[in-house]
Every structure is written in structure tokens, then in C-alpha cells.
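Spelled out from the first residue to the last, the chains are:
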Amino acid sequence: MKNNRDNYSLTTSGTNSLTGNVTGSQVLQSDVIQGNALVASSYTGVDLRSEANVEEDTTNFYQTDLHGSYEVTDQLRVTGLVGYSRSDYSLPVFDKVFLESKNHAFSYDDRPDMPVNTYGFNLTDPTQWNLMRADTQENYISSRYTNAKFDAFYSFNSSSTLQAGVEYKKFVNSGSQYNDKEFHNPDNVDTVIPDSLKSTVPYATLGNYAVGDLNAIYNLIGQQRNIRSVQYAAPGTAYVVTEQTESIYLQYNLDTTFMDHRVRANAGVRYYSTDLTSSGELNNGTSLQPVDIKHTYGDVLPAFNLAVDVTPSLVARFSANRDISRPALANLAAAGSLTTAPFGGTLSVGNPDLKPFLADEVEGSFEYYDHHVGFFSIGVFYKNLESYITTQTLTEPYSATGYPLSFLLPGQTGSVSYNVTKPLNGPGASLEGVEVAFQRDFDFLPAPFNHLGLIVNGTYVDGNTPTFFGSGPSMFSVNLPLANLSKYAANATLYYETKKWGVRLSEAYRDRYLDSSGTAAIVGDFIAPTNNVDFDAHYYLTPKLKLRLEGINLTDQHIVEYTGISQKLTEVNTKAGQTVVVGATYEF
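These lines cover the structure that appears in this document, whether it is placed above or below. Because the structure is predicted, anything quoted here is derived from the model rather than measured. (Residues numbered from 1 in each chain as written. Predicted model: local features only at pLDDT ≥ 70, side-chain atom pairs only at ≥ 80, totals over all residues. Heavy atoms only, no water.)

### Here we look at the nonpolar core
In this structure, V97, L99, W129 and I217 are the most contacted members of the largest nonpolar core, which totals 23 residues. Only β3 (37–71), β4 (76–109), β6 (130–155), β9 (210–212) and α1 (214–221) provide two or more residues apiece to this core. At five residues, β3 tops the list of elements feeding residues into this core. The residues touching V97, leaving out its near neighbours within four places in the chain, are S50, E51, A52, L131, R133, G212, L214, I217 and Y218. A335, A359, I389 and L431 belong to the second-largest nonpolar core, a separate cluster that totals 18 residues. (Core = buried A, V, L, I, M, F, W, Y, C linked by side-chain atoms within 4.5 Å. Buried < 20%, exposed > 50% of the residue type's maximum accessible area, 1.4 Å probe, protein only. Helix = DSSP H or I, 4+ residues; strand = E, 2+ residues; numbered from the N terminus. Contact = heavy atoms within 4.5 Å.)

Okay, structure coming up:
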């Protein structure tokens, strides 16, 4: 799989920027403050920066497996599986060219849903822009997964069986990064380049501006673009995480009749043991040092499921179990990801000491089936998450991170403040919710409306966890929603189906959800609620040839990212547009 992208952006992040230490020529002319947030203001003496970025990445995926089964007797069956998969991601091209235009008026208003920026000059005038910087980066990530399992099934009779098995899993995740940042503004004087090496953004945009011709500028300055060598290896970014797990389980299955009601149930228990090794470089208080951190943990996970046919159409279900959720391998990496900026920047580091968290879950539901034309279900659930993985964000001098001073921008020292974020095991969390689903064919309507139907489902979930900011005596916590969890979600589909053709119109609503913890000053980064409308139609040209037309995001729903639980300051408003897909499927 290959992906090529061209990205362009305009920001007030020049030499005298609004995102750094405001000690240059910037002058605040007006402001609007709501609470503790500056929501609108105007300035003079601001330096602007445009960015042209090209990315080329490739992912190669390989998978193979061998499985089989053997009937030892009429009552005993055994199965086995051995598998291996590998994913190699490479980003050999991630190049950026920064142009700068100095000493301009600028204003912004963050109060509308679509924030408004105003600039005091013609952004498309190439004579106003010169070369500030050129960045080159390469990233590589490899993931390998090996597993083997053996299961045995023994039937006591037609209504009860016993199964047992053993399983082996091994994950290996590794990565590295290479960087080269070349500044072309000695003594804050940008390098003059020909206007022929500048153009405007070649795509539709709310406001156009001048950007650099990336390939031509790289050829002009002669900067190295193939940097996968020791010389350009970024300290603290190379890592290897190995996770190896052995487990054994036993489960009893029952399918019988009790007091004229069909009963289906199973009960089981699993024991696992995991060995984890995380290798890389971490801060020892003064510098980055190689580490090789090992952990071993294990636990017992019980589970119970029950389904009872209350009537031929009504099924009651209940389940109780304990699950384990392991940290993402990237979160366990003894490595970090550093982003420099005039105001200091950010550093996201892994935590090899992370432990998995356990979830005790209880669920219950009723399901009503109306023959073959529809169903209705309602369910409730509760989950208690022990030692849930949350985040800690603190602000500290760059010198305290242990990363080399060479990473800093010109003029910056180790005293510049950085926001450092890392995952950690918190005190836990809980969530509870309700799920409702309904489907019905409108076969009771007169033809041709009897081919209509409706599908509706909705979910309410409530859960939060403490998120930590700062460290030591100044540490404090804020209860935030669980990451990526929307309190409300709903879907509805109106369809018309015949043997020859069909049409579906769908609507999907998702409430806001937490994207990241934010900072101590403005807590919480969120994605605003969305409501997407899609369309799908198909037609059988022959019994084996199906034509299909699909329309995605018909209402052009924007993705809005904002920061602050109460401030709700818009950061990004992304317009993806509508997508139309035409295709055909042939069955052999």
C-alpha cells in the first residue's frame, strides 16, 4: 500500500511569531478576552511562515498460516493453528520547505465556528517571501506477530461439551526516525531565492498564499534528502518492544432445555503469563541513556454467558467476565517524539513501566425477534476499569528532558519550556451505558411500499477518568471523558430492497469525544459532534454482476477540533467534501 500526500499551511510562526516569546517587533493593537482565553485580537509587526510538505510512505503486509483439525473419536476433536504476519511501514520522503514574510499586520477571531484570519498584505505576492528553513525526515516502523494454538473439544452428549486449549503469541514492534533541519536565516535574515521557485497553493483553499517549490528549492540549496544513516539518526526515537504471552484455558458449553425454555450457556477461565521487554533510550535525569526494561505479569480471567429463550420470540441474555486490555506497543516504547516550535514545543514519550488494565464487565439485554421481518433489543452494561491508562502532562525546561540541545531552534536554550506528555496507569475508571436497536421490514404496507424498511440504533455511555497535569507538589488532576468515547451515538438507515435492486439512505450521529488531554492552561482537546449522511444503491445487471453507486458525506460534514472544556476554541476545521464511488462486483 502506497500513499503520496502534498500538504500546505500558513501560520504566524515566523521569527517574530505569535506562538513564541513575544519580545520582538509584535505590538498588540486590540483584544477580546472571554474568561481566561484570548478569543480575538489584532497585531502589527508579525512575521508569517508558509509550509510546503511532501510525504511518500509505503506499507508492506505479509501473512501466512497453517491450520487443521482431526477427529480422534466421535466425541473428541482437536484443532491446531500456526501463523505469522509482518507489517513494514516506511516514510522515506517527508520533506518541508518554509518561506517567511516579515513585519505585517495580522488579526484573528476565534469566536465563529469557522475562525477568521485577516492579513495586512497580499499573501500571494512572491516578492514578499524568502527561504527560512528546510526539513527532511524519515520514519520506519516494523511489526511482527507470531502465534500458535492448540484446542481440544470433547462432547459429553448433544447438549454439553468441554473445550480446552493452549496458545502462544509474540509481538515485536520496532521503529526509528532520522531528521535533518537546515536553517537558512543566519542572524534572522532569510535567504533570497528566485520568484520562479515560488508558487501559490495548487488546490482549493479558503485563502491562497505563496509557498515554495519544494523540489526546485532542494536542488538549489543542495540539501541531502536520503538521510537514513547514523549521522542523521534522531536520539531517543529508536526502540524495540517485544511482548510474549503463553495462555491456557478451559470452557464448558451447555445447550439444553429447562422448564420448556431453551437455555444456552458457557463458563470458562483463562490463565495467561506475559513477558515484556522494551529497549531504547530514556532520560536518566540529565541525558538519554540506553535502557533494556523487562516485566513479567499474569492473571486469571473468568467468563460466564447465559441466554434464555423466554418465549419463541424473546431472548434474555446475561454475561459477566473479566478482560485484560494491554497498552499499545507504541506506548510501551522507550522512545519519544519531539516537535520543536518557537514557544518551546512538545515531547511525547513512551512508558515501558505501563501495566495492562483489567476490566470487570456485566451486561444484560432483551432481544425480541418478529419472525424474519425485524427485531428489537435493549441492553445495559457496566464496566469497572482497574488502573486505566491515562496521561500525564507537565511543563518543564527542555534541559530536563535529556534530549540534545542540537534539536532546539536557533537562539533557544535549554531553559525553554516544553510540554511533556506520557501515558501512565491511573487510579481506574468506570463506564455504564444503554444500547437500543430496532429493525423492521415494512411488509405490512401495500405494494410497492412493502419493500421499505428501517434500521435504528442508539447508544448512551458515560465514563471518565482522572488526567494528571504537572508533577510533584504542583500536580493536579481533572476528570475527563475516556479518550475517543462519545456519550451519545445513533444510526438510522431507511432502505428499499428487492431481488433486483436496492437503495439505502443512512444517517450517523456521534457526540463530541476527547482527542487528547490538552495542557494545564487549557484542559482537553475535543472533536465536535458530527452528523453524516450517506447513500448506497445497487442493481443486479445479471444474477452474478452487480453495479453499485455510493455517496459518502452528502451534507459535507466538517470535522471540527477545538480545545478547552469550557472555552471551546476552534483549532482545526477540516472540510473533506463529498465522495462518490461507482463500482461493479462479479461472482464466479
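### Things to note about the environment of S101
Along the chain, the position of S101 falls in strand β4. Overall, S101 belongs to the buried group, its relative accessible area being 1%. A sequence separation of 317 residues divides S101 from Y418, and the C-alpha atoms of the two residues are 26 Å apart. Not counting chain neighbours up to four residues away, the residues in contact with S101 comprise V46, D47, L48, F121, Q128 and W129. A polar atom in the side chain of S101 sits 2.8 Å from the side chain of H104. (Polar contact = N/O pair within 3.5 Å; in protein donor to acceptor, adjacent residues only side chain to side chain.)

### Side note on the packing of aromatic side chains
Taken as a whole, this structure holds 17 aromatic pairs when the rule is applied. Between the aromatic rings of F106 and Y108, the centroid separation amounts to 6.5 Å while the plane-to-plane angle is 20°, which identifies the pairing as stacked. Taking NZ or CZ as reference, R77 lies 4.5 Å from the ring centre of F153, over its face. The residue whose ring lies beneath R510 is Y513, and the NZ or CZ to ring-centre distance is 3.8 Å. (Phe/Tyr/Trp six-rings, centres within 6.5 Å; stacked < 30°, edge-to-face > 60°. Lys NZ or Arg CZ within 6 Å of the ring centre and 35° of its normal.)

### Some remarks on the pattern of salt bridges
Counted according to the given criterion, the structure contains 24 salt bridges. Two residues, E51 and K96, come together in a salt bridge whose shortest N-O distance is 3.3 Å. Of this pair, E51 sits in strand β3 while K96 sits in strand β4, placing them 45 residues apart in sequence. Here E51 matches K96 in class, with each residue buried. (Salt bridge = Lys/Arg side-chain N within 4 Å of Asp/Glu carboxyl O.)

### Let's talk about the environment of L66
Mapped onto the elements of the fold, L66 is located in strand β3. Since its relative accessible area comes to 64%, L66 is described here as exposed. For the pair L66 and Q557, spaced 491 residues apart in the sequence, the C-alpha separation amounts to 45 Å.

### Some words on the sheet that holds strand β25 (residues 513–518)
Strand order across the open sheet formed by four strands is β25-β26-β29-β30, with antiparallel pairing between neighbours. With partners counted over all chains shown, the strands left at the sheet margins are β25 and β30 (569–574), one partner each. If you compare each strand with its neighbour and ignore which way they point, the axes differ by 20° on average. For β25 and strand β26 (residues 523–527), the ladder comprises four bridges, and the chain directions are antiparallel. Counted as the bridge partner of L514 is F526 from β26. (Pairing = 2+ DSSP bridges. Axes fitted to C-alpha atoms, helices over the stretch in contact; angles between N-to-C directions.)

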